[in-house]
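Secondary and tertiary structure notes
One letter stands for each residue in the lines below.
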Amino acid sequence: MQLRLLGPLELRVDGQAVPLRSGLPRKLLVTLALHLGERVSADTLIEALWGQRSGLDKLNALQVLVSHLRKALSLTNGAAGIETVEGGYRLRAARDDIDAYRLEATVGAVRHLADPQERLERLDSALEAWRGAPIPEVANEEFAAAHVQRLHELHLAAMELRIDALLALGRHGETVAELQHLVGMHPLRERFYAQLMTALYRSGRQAEALSVYDRARTVLVEELGLDPGPDLKAVEQAVLTQAPDLESPVPSNPPLASRVDPRPDVISRPLATALPGPLEPLIGREGEVARLAELMVGHRLMTLIGPGGAGKTRLAAELALNCPRPVWWIDLSPVSSPEAVLAALTAGCGSPTPAEDASALIAHLRDQDVVLVLDTCERVRGILRPFVESILRACPRVSVLATSRRPLGAATEMAWPVPPLSLPDPQATTLSSIAESAAVQLFTARAAHRRPDFALTDDNCADVARICLLLDGLPLAIELAAAHAGFLDPSTMVRVLDDRLRLLVDETRDNRQHTLRATIAWSYELLSSDEAAFFDRLSVFAGPFALEAAAAVAGDGLPPDGLELLLGLAQQSLVATDGTDRFRLLDTIRAYAGERLARNEEDVAAARRRHAAWYAELLGGGTSPQGRLQVEGWRGQLRDAVADLRSALDWCFTFGEEELGARLLASLWWLWPREGVLDEAAQWFPRAKELVPHGSALQADLLSSSGTYAVSRGDLAAAVVDCGAAAELYEKAGNKRSLAQVLIGLGIAQWGRGEYTSAARAHDRAVDLFAQLEDSWGVGLCQVLRARTAIDAHEDAGLERLATAEAAARRSGDRHVLAAALVQRARAEVDEGRYVDAAQHAEEALRLNEMHGHHEGAVGSLHALGLAQLGQGRLPAAAHTLARALRSANALHHAGATTESLDCLAILAAREDRWYDAALTLAAGHELRSRTGIRRSALMSRLIRQVEADAADRLEPAALAGAREQGAFVDVLQLAPCAPAAESTTDVAADGGVP
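What you see is a predicted model; the values in this text were computed from it and never measured.

Cut-offs applied
- Residues numbered from 1 in each chain as written.
- Predicted model: local features only at pLDDT ≥ 70, side-chain atom pairs only at ≥ 80, totals over all residues.
- Heavy atoms only, no water.
- Helix = DSSP H or I, 4+ residues; strand = E, 2+ residues; numbered from the N terminus.
- Buried < 20%, exposed > 50% of the residue type's maximum accessible area, 1.4 Å probe, protein only.
- Contact = heavy atoms within 4.5 Å.
- Areas by Shrake-Rupley, 256 points an atom, 1.4 Å probe, with all protein chains shown as cover.
- Expected span 1.5 Å × (residues − 1).
- Polar contact = N/O pair within 3.5 Å; in protein donor to acceptor, adjacent residues only side chain to side chain.
- Salt bridge = Lys/Arg side-chain N within 4 Å of Asp/Glu carboxyl O.
- Pairing = 2+ DSSP bridges.
- Axes fitted to C-alpha atoms, helices over the stretch in contact; angles between N-to-C directions.
- Left-handed = near helix turned anticlockwise from the far one by under 90°.
- Nonpolar A, V, L, I, M, F, W, Y, C, P; charged D, E, K, R; others polar.
- Patch = residues over 30% accessible without salt bridge, like charges linked within 9 Å, V, L, I, M, F, W, Y side chains within 5 Å.
- pLDDT = per-residue confidence, 0-100.
- Phe/Tyr/Trp six-rings, centres within 6.5 Å; stacked < 30°, edge-to-face > 60°.
- Lys NZ or Arg CZ within 6 Å of the ring centre and 35° of its normal.

Scanning the chain for helices and strands turns up 48 helices and 14 strands. Counting all 995 residues of the chain, 53% fall into the buried class. Counting contacts in the chain only where the partners sit at least 6 residues apart, residues at least 24 apart contribute 69% of the total. For the chain, the exposed area adds up to about 42,500 Å²; of that, 51% sits on carbon and sulfur atoms.

Right, here's the structure in full:
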């Protein structure tokens, strides 16, 4: 068993984390752990947990929390437990099982050890437990302040002792960089200054050692009004007098320059072209290195291409260092003229002949068996191309590896785009899944250089993942961001990355890469005026865009063809593509282009207007639902356009283009159930409704969209009003298709309110209209919805209607409609206790919804699958399924799906005998239902009535009241089970049990 306090609280048994609910249970365990083996009174614990909060039976609530923790600690097999003692509680555990006490013991013990190697090993082992700021769960609590300060002081003392050990071993060269960081982080800690002065002196840097003393004296006088203490003064005197006792006790490692590299490629390399030795291991490029090494065998000319900061040079250096042939490295970034290029090639290849023409260079290379690495070729690619082609033709054993932001254009060239580092899944929430990302690994490694105690933890991993996603996985951008880790924590970086071009600065790099802005400007300066204008205008796109969209929005008024301009930018690595006809700007490059465009307000407004108008025209076209939505292949493309739709709408309603915004809002009736609602639309719809002409087709479309939006948001009363008003307008206009479409939303809203007769009437009418239009999609979907209403209303023909609906869904050929039918089939089978069949049908529905990209339908499939798994007794699989459903529903801002998820999770908690959690989850769902008017289906009503009754029997009245009170305020995502599934969600087990 391990209880870890040196970072976010963790309880581990046999290396596996034991789930601990966030909030009060964690705070209680921390409080007891800080007083290990001591009695902590109930009054002290209540004060720490609730402070002065009133209106709660705190003693009873404390007993519930202690009971919850005892269950978690029971997994330690007796290694830890909570004992009840007179008037309070005591945590029982071995001190060696808690990292904070183990570090404290190590610090005390090593002070008495004579062997510096043993001291170092023991300290390194203890310091491995430090994962960042200790116990952040209580860091801001008054009762814990002294404890947290003591742990920080303990950590610094261990760092001082560790550096003492390194210095005693003669490893002073390893300590300089770390100590420079430590004196910056702890400028009033004299011991670090003394150690840094010693390390610098032993490294032959006496003047720098004395400057450190001057800096320390200045800081201490300015901050404290004190001179340095006697120990620091003694070190200064020893440096001045070159005292023998300041010398290293053992010889240090020889400097790198004096070491001999036995590889023949290094020995044969000309002096002027030594490889840029990497300071750090290459992270996350193992696959690329292996693949490129294979390609280099069969291709004599390869060019690594990509935007600035993609890591082309670093990747080329890794290939060169591992190349079995001699490698000559030539940096072309400083040159621009033909003469300078030839001179660089001649010098880099070690040619003894002056660089007057290429013949002497070729003669020198003719018998060489080497790889030429030509770095940073984009500014001289036109000049360089004929040189490279001549060398390859005349020198059969010479190969060329180039790096450039665009291909050289030479014959036989293989251009290989350097991809970004692998990114975490945007939906990932666990430390283990986020840590697999190469981008996250790079950030973590580089951040630890600026803050040695930095580590990826449960608390910061989501923010680190967000940083890497915002920076597109570009290695340079990630390294520049990590350079600020000494001063900004990841959550702060996320907040300030909107101005990433200002933040991403590192003065330790060369001028071309010391800022992200400078890196992108290096490419921008190579563009023609038309390319630059096109590039700037593309910044209005917030996500991927089609060729036609780019031409219409960015190419307006420019002489060249939009395709020509777009492909030109793609060749120069300023526009990315996914290998199809979809393009995008990396976020960091978009920020730079946006800066450029913002210099002219008229250009910004014109580009923004064309951007919004493009989507309004695109989505407003077509007469049928399928025809309208399949424009531009909507399933693969408009799903990616949500960010652009949000951006366009925000601009319209912020900058006085409300009429255009109203047109765009009216066209989005299809978006809300598939992609989730935009919270901002709640303010946009009322403004748009005031503007549209009364009785117009636009008003009808806007009301239809508003009603569908209200359904997904859970405002069912507003949905009935808006969908009903739209239906009246469509009826008057004789627009059968739009009328049928809006009746779908009207019936769903009425069903959600329990108005089954009205819902049945709406969907029956919609079936008739779609049948007149010979629209099998509409007929199938409405028959499925009508069957659902029939089952919940206990109509005699409910199951027969479902069979008819399923047959119609299969005839329609639409995956979404068939999935909806299968979900209803699965729910009916759950109600009948046929759990194997229900699981099979729910899994098929989930597969179809995910293939179709219908997120709301996928959540419904997960609900049905989770209920089936509960019925089968597969509780771990059900926990995984239902947690996923809750997270997805919350991400969609879909109130109905969220309430259903909470009900399902309450049933799960009851099956696991977690009755407090069951009551808490039911209370959270009740609060949401009371706000929205959403009613339960017949199946869920039956299941929840049993859970409510059992919870009331199992819990003390005070505990039940506490759960209901807390449930009204809890963050619903905290109710999602955090433990991974112990089995696949798609394995089908035998029937058994009752959900």
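So that's the structure; there's more coming.
The first and last C-alpha atoms of helix α18 (residues 438-450) sit 19 Å apart over 13 residues, in line with the 18 Å expected at 1.5 Å per residue. Taken together, the buried positions of α18 are Ala438, Ala439, Val440, Leu442, Phe443, Thr444, Arg446 and Ala447. Two to three positions downstream of the cap, the backbone nitrogen of Ala439 sits 3.2 Å from a side-chain oxygen, assigning the N-cap of α18 to Ser437.

Turning our eyes to something else, we now look at the environment of Gly308. By the secondary structure assignment, Gly308 is in the loop between β7 (301-305) and α13 (312-321). Accessibility expressed as a relative area gives 10% for Gly308, which makes it buried. Separated by 97 residues in sequence, Gly308 and Arg405 place their C-alpha atoms 7.0 Å apart.

All right, on to the pattern of salt bridges then. Counting across every chain of the model gives 43 salt bridges. Note that Asp124 and Arg162 form a salt bridge whose closest N and O atoms lie 2.6 Å from each other. Taken together, the residues span a long stretch of sequence, with Asp124 in helix α5 (residues 116-127) and Arg162 in helix α6 (residues 145-168) at a distance of 38 residues. Put simply, Glu153 and Arg189 hold a salt bridge, and the shortest N to O gap is 2.7 Å. Of this pair, Glu153 sits in helix α6 while Arg189 is found in the loop between α7 (172-185) and α8 (190-202), placing the two residues 36 residues apart along the sequence. Ionic contacts of the salt-bridge type, sharing partners, join the residues Asp764, Arg786, Glu795 and Arg801 into one network.

Before going further, it helps to examine the sheet that holds strand β1 (residues 2-4). Across the sheet, 3 strands lie side by side as β1-β2-β3; this open sheet has antiparallel pairing. At either margin of the open sheet sits one strand with a lone partner, and together these are β1 and β3 (16-17). Bridge count between strand β2 (residues 10-13) and β3: 2 bridges; the pairing is antiparallel. Bridge assignment links Val13 to a residue of β3, and that residue is Gln16.

Summarising the element assignment, Arg825 is placed in helix α41 (residues 815-832). If sequence neighbours within four positions are ignored, Arg825 has contacts with Leu802, Ala803, Glu806 and His841.

Look at Asn77: it is not a glycine, yet its phi comes out positive at around 60 degrees. Position of Asn77 relative to the elements: it lies in the loop between α3 (58-73) and β5 (80-85). A relative accessible area of 68% means that Asn77 is categorised as exposed. Even without glycine at this site, Thr412 takes up a positive phi of about 65 degrees. Relative to the helices and strands, Thr412 is located in the loop between β10 (398-404) and β11 (414-417).

Our focus in this paragraph is the side chain of Thr708. Relative to the assigned elements, Thr708 resides in helix α35 (residues 697-713). A distance of 2.9 Å separates the side chain of Thr708 from the backbone oxygen of Ser704, its partner in a polar contact.

A regular strand carries its side chains on alternate faces of the sheet. Two elements, β1 and β2, share 3 bridges in a ladder whose sense is antiparallel. Each residue of the ladder has a partner; that of Arg4, found in β2, is Glu10. Counted between consecutive antiparallel strands, the loop separating β1 from β2 contains 5 residues, among which Gly7 sits at a positive phi close to 140 degrees. Linking two consecutive strands that pair antiparallel, namely β2 and β3, is a turn of 2 residues; a positive phi of about 55 degrees is found at Asp14 within it.

On to the packing of α41 against helix α47 (residues 938-954), then. Remark: α41 packs on α47, axes separated minimally by 10 Å, with the N-to-C direction vectors making an angle of 35 degrees. The interaxial crossing formed by α41 with α47 has left-handed handedness. Counting all contacts with α41, which are made through Arg827, Val830 and Asp831, the residues of α47 involved are Leu939, Met940 and Arg942. Each residue belonging to the contact of α41 with α47 can be placed in one class, and the counts come to 3 nonpolar, no polar and 3 charged.

Assignment of secondary structure puts Arg397 in the loop between α16 (381-394) and β10. For Arg397, a relative accessible area of 44% gives the class partly exposed. Taking the C-alpha atoms as reference points, Arg397 and Arg366, 31 residues apart in sequence, are found 7.8 Å from one another. The contacts of Arg397, once residues within four sequence positions are left out, are Arg300, Arg325, Asp367, Gln368, Asp369 and Val370.

This part covers a nonpolar patch on the surface. A surface patch of nonpolar side chains, about 280 Å² in accessible area, is lined by Leu188, Leu224 and Leu226. Its location among the elements puts Leu224 in helix α9 (residues 206-224).

Looking at the chain as a whole, its pLDDT mean stands at 82, while 88% of the residues score no less than 70. Within the model, pLDDT remains below 50 along residues 504-514, and this stretch shows 35 contacts once partners closer than five positions in the same chain are excluded. Scored below 50 in pLDDT, residues 622-636 shows 26 contacts in the model against residues more than four places distant or in partner chains.

What follows deals with the packing of aromatic side chains. Enumeration according to the criterion identifies 6 aromatic pairs in this entry. An angle of 10 degrees between the planes, with centres 5.8 Å apart, marks the rings of Phe653 and Trp684 as stacked. Of this pair, Phe653 sits in helix α31 (residues 642-654) while Trp684 sits in helix α34 (residues 681-691), and the two are 31 residues apart along the sequence. Assessed through its relative accessible area of 5%, Trp684 is described here as buried. Centre to centre, the rings of Phe770 and Trp777 are 6.0 Å apart; their planes meet at 85 degrees, and the pair counts as edge-to-face. The two residues Phe770 and Trp777 agree in class, both being buried. The positively charged end of Arg788 is found above the aromatic ring belonging to Trp751, 3.5 Å away from the centroid.

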